[in-house]
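The chain contents come next:
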Amino acid sequence: MKRIMITGALGQIGSELIVKLRDIYGAENVLATDIRKTDSPVVNDGPFELLDVMDLENMRKLAKDFGADTMMHMAALLSATAEAKPLLAWNLNMGGLVNALETSRELGLQFFTPSSIGAFGPSTPKDNTPQDTLQRPTTMYGVNKVAGELLCDYYFQKFGVDTRGVRFPGLISYVTPPGGGTTDYAVDIYYKALEEGKYTSYIEKGTYMDMMYMPDALQAIVDLMEADASKLEHRNAFNVTAMSFEPEQIAASIRKHIPNFEMNYEVDPIRQTIANSWPDSIDASAAKAEWGFKAQYDLDEMTKDMLEKLATKMK
Ligand code: AKB
């Protein structure tokens, strides 16, 4: 990775990934692109171009003019939004992906795109979900993710594009809030804990999902992209996780810092159905063995850092 182009740069992952990549590879070597422009470090602190990922011609031109050797395709709708707008999700998630893969094939770019725990479904083994297992998701997001994993494998096998990916769990960060995901409650809860001392969860108690703190997710992307290709038996996509918890456990972790924190429930049937169809915990041993994946933060370490950073940010 020397000249990296990123789509969806202003999204939840992109906006922090850009900063990390610019630190490592130099600001001038990381091209951020997004369909919108904001007054933010992503736009102001390095190269930035407007790009609709449905526009293959412009994507190709930007990558070529920049002299990119790597494409990181982050633009996508998350699970709850995709469930509300399934046709838009199909068109954008699949259309954007195929354009990014085509650009990478034509220009010989290394390629990364995230998959998700959403690529699993109710018939997948729920505990310690294996790397290679049944994937019959029942959500549009899941359908997109499985099709995307297969498409990336196809571009690797058929055209030799160096495609790599991870199945991210819910990602938690104090920088850019997520939008339209099922796991977003685990981010919202920290804001509300500091603002109001209480939170109403749309996910039912007892619902376990895998999660990861953003610094670990960003490091995982860099480590996978820098990994020796000859060591990778899998490519699209590796299970990665740092923790699995249910709402009562994150509330208990918050109470270690805010003892009177109150948790209530008003379950959203759509997001609950999505959560119920996902694993309770996944097995990341293939990622550990093939490229040394390691997460630093557990639930309590993450809670401490989130509350400290958010308190400063919200001052
Ligand atoms: C979502 O909830 O949609 C995402 C994901 C797990 O892919 N955070």
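Here the structure is shown first, and the text comes after it.
This write-up is about the structure you can find in this document.

Procedures and definitions
Residues take numbers from 1 onward in each chain, read along the sequence in its written order. Given that this is a predicted model, residues contribute local features only at a pLDDT of at least 70 and side-chain atom pairs are listed and counted only at 80 or more, while totals for whole chains, interfaces and linings are drawn from all residues. For the side-chain quantities, the full set of heavy atoms in the structure was used; hydrogens and water were omitted. A pair of strands counts as paired when DSSP detects no fewer than two bridges linking them. To qualify as a helix, a DSSP run of H or I must reach at least 4 residues; to qualify as a strand, a run of E must reach at least 2; elements of each kind are numbered from the N terminus. Residue contacts are defined here by distance: any two heavy atoms, one from each residue, within 4.5 Å place the two residues in contact. To get an axis, a line is fitted to the C-alpha atoms, and for a helix only the part in contact is used. The angle between two axes follows their N-to-C directions and goes from 0 to 180 degrees. A single heavy atom is enough: if one lies within 4 Å of a molecule or strand, its residue is considered near that molecule or strand. For this analysis, a polar contact is any N or O atom pair within 3.5 Å, provided that within protein one partner can donate a hydrogen and the other can accept it, and provided that sequence-adjacent residues contribute only side-chain to side-chain pairs. In these tables, accessible area is a Shrake-Rupley quantity obtained with a 1.4 Å probe, and a residue counts as shielded only by the protein chains included in the view. Under the scheme applied here, ten amino acids are nonpolar (Ala, Val, Leu, Ile, Met, Phe, Trp, Tyr, Cys and Pro), four are charged (Asp, Glu, Lys and Arg), and all others, including Gly, are polar. Domain delimitation in this document rests on an assignment produced automatically or drawn from a domain database. Throughout this description, any angle smaller than 35 degrees is read as roughly parallel, any larger than 145 degrees as roughly antiparallel, any in the 65 to 115 degree range as roughly perpendicular, and the remainder as oblique. The crossing is said to be left-handed when, going from far helix to near helix, the turn is anticlockwise and less than a right angle, and right-handed when the turn is clockwise.

## What about the sheet that holds strand β1 (residues 4–7)?
Reasoning step 1: The six strands are arranged β3-β2-β1-β4-β5-β7 in an open sheet whose pairing can be described as parallel. Strand pairing shows two members of the sheet lacking a second neighbour, β3 (48–50) and β7 (163–164), which therefore form its edges.
Reasoning step 2: As defined by bridge partners, strand β5 (residues 110–112) adjoins β7 across two bridges and the pair is classed as parallel. Looking across to β7, one finds that Phe112 is bridged to Arg164.
Reasoning step 3: Lying over the sheet, helix α8 (residues 214–226) contacts β4 (70–73), β5 and β7, oriented at roughly 150° with respect to β5.

## Focus: the sheet that holds strand β13 (residues 243–245)
Reasoning step 1: Reading across from one edge, β9-β11-β13 is the order of the three strands in this open sheet, with mixed pairing throughout. Bordering the open sheet on either side are β9 (170–172) and β13, each of which pairs with just one other strand. Taking each pair of neighbouring strands and ignoring which way they run, the sheet shows an average axis angle of 40°.
Reasoning step 2: Inspection of the sheet shows strand β11 (residues 209–213) paired to β13 by three bridges, in the antiparallel sense. Paired with Met211 across the two strands is Met243, which belongs to β13.
Reasoning step 3: This element, helix α12 (residues 299–313), spans β9, β11 and β13 of the sheet and lies at about 85° to β13.

## Some points on the site of the ligand
Reasoning step 1: Near the ligand you find Leu78, Ser79, Ser116, Ile117, Tyr141, Pro169, Gly170, Gly181, Thr182, Thr183 and Trp278, and these make up its full shell.
Reasoning step 2: Here an oxygen atom of the ligand sits 2.7 Å away from a polar atom, N or O, in the side chain of Ser116.
Reasoning step 3: Here Thr183 contributes a side-chain N or O atom positioned 2.8 Å from a nitrogen atom of the ligand.
Reasoning step 4: Burial of the ligand by the protein chains amounts to 95% of its free accessible area of 250 Å².
Reasoning step 5: Broken down by class, the residue content of the shell around the ligand amounts to five nonpolar, six polar and no charged.
Reasoning step 6: Counting the residues that make up the shell around the ligand, at least three belong to each of domain 1 (4–169 + 235–239) and domain 2 (170–211 + 242–313).

## Re the packing of helix α9 (residues 247–255) against α12
Two measures define how a pair of helices packs: the angle their axes make with one another and the distance between the axes.
Reasoning step 1: Relative orientation of the contacting elements α9 and α12 amounts to 55°, with a least axis distance of 9 Å. Here α9 is positioned oblique relative to α12, judged by the angle of their axes. Classified by chirality, the crossing of α12 by α9 is right-handed. In this structure, α9 contributes Gln249, Ile250, Ser253 and Ile254 to the contact, and α12 contributes Leu299, Asp300 and Thr303.
Reasoning step 2: When grouped by side-chain class, the residues that make up the contact of α9 with α12 number three nonpolar, three polar and one charged.

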